[in-house]
Amino acid sequence: MTKVAIVTGAARGIGAAVARRLVADGFAVALLDLDEAGVKECAAAITADGGKAIGLGVDVSDTEQVEATVARIADELGPPVVLINNAGITRDNLLFKMTDGDWDSVIGVHLRGSFVMSRAAQKYMTQQKWGRIVNLSSTSALGNRGQANYSTAKAGLQGFTKTLAIELGKFGVTVNAIAPGFIATDMTAATAERLGVSFEDLKAGAAQAIPVGRVGEPEDIAHLVSYFVSEGAGFVSGQVVYAAGGPQD
Ligand code: NAP
């Protein structure tokens, strides 16, 4: 039977690449995003290439929407046994300028979003006695100027990952986190705009400080997700892998 995977924030960037990779790996994939038109377009492109995918608009921080969406995925595609908590936003500012809204929205999408999505999906995984959850953390979890909200959320996701790994292991469910460094997506393009530099210059500058001499691409992260959700990765759980082109402190 085809296994069903859910990828959040899948309209573009890392999420879209992960969805394409999981389809190539043989999964039926539900692509979720706030951007309903974008995610439907991605799903249609996958279907046109012969894959099985649906695109659904949802705010991952909204419990009711999440519960209804995960139930719908189970009805339409089958019980979801893979969940990639990838949806994310940045609202960068130095602490003294950071608003309550900047804080709440970032914590809401990353932490509450991953929590409500995981709670809704684990029901199917534990029933099936098999599951894989992968959470997107970040090198910013180790501290990053201007990102008190984002680095707190990304560090929080590492604790969340380890705790779910402990709770869900006996049901055959593994839970791991990927902490990417600089990945070329709209998110980092927006950082370039905010800093007033071209995206090309930002990438070139970042690449100089990365041991492998380049910035990451969404497919670099999709490759690691593919490993974590594979059958053979069943003894690897509660881990945080930094995918940043070199070691992290
Ligand atoms: P991206 O290009 O900005 O894509 C993120 C997607 O998430 C967008 O399509 C966005 O929709 C969606 N999203 C935001 N809030 C949502 C919500 N409440 N419900 C559902 N979907 C929502 O970002 P990315 O660079 O691919 O990043 C993906 C993940 O990797 C994020 O968790 C990010 O923090 C993490 N990460 C990225 C980097 C990097 O260098 N790019 C590094 C480390 C970690 P809208 O377009 O409608 O906002």
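Residues numbered from 1 in each chain as written. Predicted model: local features only at pLDDT ≥ 70, side-chain atom pairs only at ≥ 80, totals over all residues. Heavy atoms only, no water.

## Considering the site of the ligand
- Close to the ligand lie 30 residues; R12, D33, N86, Y150 and T185 are nearest.
- Within the contact set of the ligand, a nitrogen atom lies 3.2 Å away from a backbone nitrogen or oxygen of L34.
- Interatomic distance of 2.9 Å between a backbone N/O atom of I183 and an oxygen atom of the ligand.
- Burial of the ligand by the protein amounts to 92% of the accessible area it has alone, namely 900 Å².
- When contributions to the shell around the ligand are tallied by element, the ones reaching two or more residues are α1 (13–24), α4 (100–128), α5 (148–168) and α6 (186–195).
- For the shell around the ligand, the element with the highest residue contribution is α6, accounting for three residues.
- Split into classes, the residues belonging to the shell around the ligand amount to 14 nonpolar, ten polar and six charged.
- The residues that make up the shell around the ligand include at least three from each of domain 1 (4–181 + 218–241) and domain 2 (185–215). (Near = heavy atom within 4 Å. Polar contact = N/O pair within 3.5 Å; in protein donor to acceptor, adjacent residues only side chain to side chain. Areas by Shrake-Rupley, 256 points an atom, 1.4 Å probe, with all protein chains shown as cover. Helix = DSSP H or I, 4+ residues; strand = E, 2+ residues; numbered from the N terminus. Nonpolar A, V, L, I, M, F, W, Y, C, P; charged D, E, K, R; others polar. Domains from an automatic or database assignment.)

## Description of the domain arrangement of the chain
- Domains assigned within the chain are domain 1 (4–181 + 218–241) and domain 2 (185–215).
- In this structure, domain 1 and domain 2 have C-alpha centres spaced 24 Å apart.
- Across the boundary between the two partners, domain 1 contributes ten residues, which contact five residues of domain 2.
- Around 540 Å² of area is buried between domain 1 and domain 2 when both sides are counted, 52% of it from carbon and sulfur atoms.
- Its largest share of buried area at the contact with domain 2, domain 1 owes to R12, D92 and D220, together 58% of the area lost on that side.
- Taken together, the connections running from domain 1 to domain 2 amount to three salt bridges.
- The salt bridge involving R214 is made with D220; its shortest N-O contact spans 2.9 Å.
- Across the contact surface, domain 1 and domain 2 share three residue pairs in polar contact (both at pLDDT 80 or more).
- When contributions to the side of domain 1 that touches domain 2 are tallied by element, the ones reaching two or more residues are α1 and α8 (218–228).
- A per-class count over the side of domain 1 that touches domain 2 returns four nonpolar, three polar and three charged. (Contact = heavy atoms within 4.5 Å. Buried area = accessible area lost by both parts, 1.4 Å probe. Salt bridge = Lys/Arg side-chain N within 4 Å of Asp/Glu carboxyl O.)

## Description of the side chain of S118
- Tracing the chain through its elements places S118 in helix α4.
- Leaving out residues up to four positions away in the same chain, S118 has contacts with L83, N85, I133, F160 and L164.

## As for the environment of Y242
- With respect to the helices and strands, the residue Y242 is situated in strand β7 (residues 240–243).
- Note: C-alpha distance between Y242 and A68 (174 residues apart in sequence) is 33 Å.
- Engagement of the side chain of Y242 in a polar contact is seen with the side chain of Q158, the distance being 3.1 Å.

## A look at the pairing of strand β5 (residues 131–136)
- Buried residues dominate β5, accounting for six of its six residues.
- Judged by which residues are buried, β5 turns out to be covered on both faces: G131, I133 and N135 on one side and R132, V134 and L136 on the other are all buried.
- Alignment of strand β4 (residues 80–85) against β5, held across four bridges, turns out to be parallel. Note on β5: the bridge partner recorded for N85 is N135.
- Traced from β4 through α4 to β5, the parallel crossover comes out right-handed. (Buried < 20%, exposed > 50% of the residue type's maximum accessible area, 1.4 Å probe, protein only. Pairing = 2+ DSSP bridges. Right-handed = clockwise from strand over helix to strand, strands pointing away.)

## Observations regarding the environment of A19
- With respect to the helices, strands and loops of the structure, A19 is situated in helix α1.
- As a C-alpha pair, A19 and M125 span 106 residues in sequence and 19 Å in three-dimensional space.

## Brief notes about the nonpolar core
- Core analysis: the largest hydrophobic core is formed by 36 residues, its most contacted members being I6, L32, I73 and M117.
- Listing elements by their share of this core, those giving two or more residues are β1 (4–8), β2 (28–33), β3 (53–57), α3 (63–76), α4, α5 and β6 (173–180).
- Per-element accounting of this core gives the leading share, nine residues, to α4.
- Residues in contact with I73, not counting those within four places in the same chain, are V4, I6, A30, L32, I54, L56 and G78.
- Grouped together as the second largest cluster of nonpolar side chains are 33 residues, W130, I183, F228 and V229 included. (Core = buried A, V, L, I, M, F, W, Y, C linked by side-chain atoms within 4.5 Å.)

## So, α6
- Here α6 starts with a cap whose side-chain oxygen sits 3.1 Å from the backbone nitrogen of M187, and that cap is T185.
- Just downstream of α6 lies G196, where phi reads positive at about 75°.

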